[in-house]
Number of protein chains: 2
Amino acid sequence: MPNYDILTKSPVFRGLNSEQLSDCLRTVHIQMKSFRKDNLIVNAGEKVNQLYIIQKGSVRGEMLDYSGKVLKIEDIEAPRALAGAFIFGKSNVYPVTVTANNDVELLSIPKNEFLKLMQKEQTILINYLNDISTRTQFLSNKLHFLSFRTIRGKIAHYLMQESGSNSNTVELKHTQQQLAELFGVTRPSLARVLGELQREGLIVLGRKNIVINEKKRLSQLLEKD
Amino acid sequence: MPNYDILTKSPVFRGLNSEQLSDCLRTVHIQMKSFRKDNLIVNAGEKVNQLYIIQKGSVRGEMLDYSGKVLKIEDIEAPRALAGAFIFGKSNVYPVTVTANNDVELLSIPKNEFLKLMQKEQTILINYLNDISTRTQFLSNKLHFLSFRTIRGKIAHYLMQESGSNSNTVELKHTQQQLAELFGVTRPSLARVLGELQREGLIVLGRKNIVINEKKRLSQLLEKD
DNA sequence: GCAGTTTTGTAACAAATGGTACATTTCACA
DNA sequence: TGTGAAATGTACCATTTGTTACAAAACTGC
């Protein structure tokens, strides 16, 4: 029941066609796993012994601090790979708790079987290197983001990043609550700072977007943080 | 002038002997580079087109926020590899500024040459996967660490991590200033909280160590943060 | 269009941290 | 052993954020 058409679009198998992929996968032991919405897929701290590739649905990675408070790290959607960077490495342990956002199907490939695949297909090797490297870069960005001390700084950085160089409007895909979790701050604090920035004329708050009035002054906020 | 004896101890070339390594490296184009103490090796934002392996000395990776304030990320010493995870991936750009801690010699291998090496020597491939995976795990830890809101939480987490499960003494390898940078807080604030924790009887501050008196209460701090 | 739910705006106060300054202690080394 | 530099302890106040609470506005499903 692996869907080769979908899986060939995964970062790991990209560049192969369905036939090539099914030929490859026939030579190794694989397994399909299913999860329902909000099911726990992996708990932080579990050992990683296989590569998971999402064939259907989307999952979220969250970090739980000791009080159970949630810091959301990211969403991963089909057909991306899960925890690719944690199969190898020293501690082979999931750093985040992974939960299903909706109905999810995973392709599971044991570590040593996946090694065989990479030895066999150079395309998979290069893809895999690209994938974990991209993940590392994502973490690095996240780290950079969290390094802003103030909420103003985080907002400024977020808006500058989301708006790109040409546009002055940022479409919001998240509620304030979700944004606050992303920033690692409380919702009222975020709302307060957003309100301040609006009163100061830097931005205009819409329901589902934010218009940047003065990009220069906004970027100056970054320099003070 | 590559030193094969040292390089075989690098995470990337581990498992090969000097002869095997020199044979490998003879088939590709490599280059040696030298830097003096506090020389800039790579600026954050530069493109990554080669793998650097430190043959001699140590370097530090630092993130500069826009005001020029320094957030130290890590030290990397010979014979580890540098920015291994950023050769591949989407944005091929250094996330941190790399500076020499002392006199440094680097082995530089262009990206496509390094690909050849991995195709040729499976040992190098597996080593490389382990290396970048370990780096990702390091970043993930760092992220977890920074997610603690309060200084108390960061101190508690740091001490619990450093002391391990048996010992109650943490040897300090850093000054307060260095620790403060590691934590992303100011030095006086760190000193204040350390003082508070001592007054509350949780820890005893020494010049070059910290003794944990009540491990239970310390771990409870983590739950409140 | 209405009722219930979610999202947003905002206020008042508490808590935590930053910035700055300075005295004291420790360290390095001449 | 003495001296200058570095590290540490601490105090004061400003700033930022958290916490809690509540009202208004916007959505949702009927």
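Just so it is clear, the model here is predicted, and its values are computed rather than measured. (Residues numbered from 1 in each chain as written. Chains lettered and ligands numbered in written order. Predicted model: local features only at pLDDT ≥ 70, side-chain atom pairs only at ≥ 80, totals over all residues. Heavy atoms only, no water.)

Caption draft 1: Fine view of the protein's contact with DNA strand D. As a structural note, the neighbourhood of DNA strand D is formed by 18 residues, with T150, I151 and S189 of chain A together with Q176 and R207 of chain B the closest of them. At the protein interface, 57% of the atoms of DNA strand D within 4 Å belong to sugar or phosphate. The contact in question runs from a phosphate oxygen of DNA strand D to an N or O atom on the side chain of T186 of chain A, over 3.2 Å. Within the side chain of R187 of chain B, an N or O atom sits 3.1 Å from a base nitrogen of DNA strand D. Elements supplying a minimum of two residues to the surface near DNA strand D: α7 (187–199) of chain A together with α7 (187–199) of chain B. (Near = heavy atom within 4 Å. Polar contact = N/O pair within 3.5 Å; in protein donor to acceptor, adjacent residues only side chain to side chain. Helix = DSSP H or I, 4+ residues; strand = E, 2+ residues; numbered from the N terminus.)

Caption draft 2: Molecular detail of the sheet that holds strand β3 (residues 50–56) of chain B. Residues and elements named next belong to chain B. Pairing is antiparallel across the open sheet formed by four strands, whose spatial order is β1-β8-β3-β6. Looking along the sheet, the strands with just one partner apiece sit at the ends: β1 (31–35) and β6 (81–82). Here β3 pairs with β6 via two bridges, running antiparallel. Note that in β6 the partner of I53 across the bridge is A81. Contacts between helix α3 (residues 111–120) and the sheet are confined to β3 and β8 (104–110), with β8 contributing the most and set at about 80° to the helix. (Pairing = 2+ DSSP bridges. Contact = heavy atoms within 4.5 Å. Axes fitted to C-alpha atoms, helices over the stretch in contact; angles between N-to-C directions.)

Caption draft 3: Representation of the packing of α3 of chain B against helix α4 (residues 122–146) of chain B in the model. Residues and elements named next belong to chain B. Here α3 crosses α4 at 115°, and the two axes come no closer than 5 Å. Here α3 is positioned roughly perpendicular relative to α4, judged by the angle of their axes. Only Q122, I124, L125 and Y128 of α4 make contact with α3, whose side of the interface consists of F114, L117, M118 and K120. Looking at side-chain class alone, the contact of α3 with α4 contains six nonpolar, one polar and one charged residues. (Parallel < 35°, antiparallel > 145°, perpendicular 65-115°, else oblique. Nonpolar A, V, L, I, M, F, W, Y, C, P; charged D, E, K, R; others polar.)

Caption draft 4: Geometry of the side chain of N127 of chain A. Tracing the backbone through its elements, the reader meets N127 of chain A in helix α4 (residues 122–146). What N127 of chain A contacts, discounting residues up to four positions off in sequence, is P11, V12, F13 and R14 of chain A.

Caption draft 5: Spotlight on the packing of aromatic side chains. All names here are of chain A. Inspection of the entire model under this criterion finds eight aromatic pairs over all chains. Ring geometry for F145 versus F183: centroids 5.1 Å apart, planes at 65°, classification edge-to-face. Placement of F145 in helix α4 and of F183 in helix α6 (residues 176–183) is noted, with a sequence separation of 38 residues between them. For F183, a relative accessible area of 2% gives the class buried. Joined through ring pairs, the aromatic side chains of F88, F114 and Y128 make up one cluster. (Phe/Tyr/Trp six-rings, centres within 6.5 Å; stacked < 30°, edge-to-face > 60°. Buried < 20%, exposed > 50% of the residue type's maximum accessible area, 1.4 Å probe, protein only.)

Caption draft 6: Representation of the protein's contact with DNA strand C within the structure. Neighbouring residues of DNA strand C: 19 residues in total, closest Q176 and R207 of chain A together with T150, I151 and S189 of chain B. Backbone atoms, meaning sugar plus phosphate, form 60% of the atoms of DNA strand C positioned within 4 Å of the protein. Contact distances for DNA strand C include 3.1 Å between a base nitrogen and a side-chain N or O atom of R187 of chain A. Sorting the residues of the surface near DNA strand C by element identifies α7 of chain A together with α7 of chain B as the ones contributing at least two each. No other element matches α7 of chain A, which puts four residues into the surface near DNA strand C.

Caption draft 7: Representation of the domain arrangement of chain A. Domains assigned within chain A are domain 1 (4–146) and domain 2 (151–224). Its C-alpha centre places domain 1 of chain A at a distance of 31 Å from the equivalent point of domain 2 of chain A. (Domains from an automatic or database assignment.)

Caption draft 8: Inspection of the pairing of β3 of chain B at higher detail. Residues and elements named next belong to chain B. Among the seven residues in β3, six count as buried, and that is most of the element. Strand direction decides the pairing type here: β3 and β8, joined by six bridges, are antiparallel. In the strand pairing of β8, Y52 is matched with S108.

Caption draft 9: Quick peek at the sheet that holds strand β10 (residues 203–205) of chain B. Residues and elements named next belong to chain B. Read from one edge to the other, the open sheet built from three strands follows the order β9-β11-β10, with strand pairing classed as antiparallel. Two strands bound the open sheet, and with one partner strand each, they are β9 (169–171) and β10. The mean angle between the axes of side-by-side strands here comes to 20°, regardless of whether they run parallel or antiparallel. As defined by bridge partners, β9 adjoins strand β11 (residues 209–212) across three bridges and the pair is classed as antiparallel. Residue T169 lies in a different strand from β11, and its bridge partner there is V211.

Caption draft 10: Geometry of the environment of E19 of chain B. Residue and element names in this part refer to chain B. In this fold, E19 is placed in helix α2 (residues 18–26). A relative accessible area of 62% means that E19 is categorised as exposed. With 11 residues separating them along the chain, E19 and T8 place their C-alpha atoms 9.7 Å apart.

Caption draft 11: Seen up close, the pattern of salt bridges. Residue and element names in this part refer to chain A. Counted under the stated rule, the structure contains 10 salt bridges over all chains. Between R152 and E200 there is a salt bridge, with the nearest N and O atoms lying 2.6 Å from each other. You can see R152 sitting in helix α5 (residues 151–163) and its partner E200 sitting in the loop between α7 and β10 (203–205), a full 48 residues away along the chain. For E200, a relative accessible area of 35% translates into the label partly exposed. Sharing partners across several salt bridges, the network here consists of R152, E196 and E200. (Salt bridge = Lys/Arg side-chain N within 4 Å of Asp/Glu carboxyl O.)

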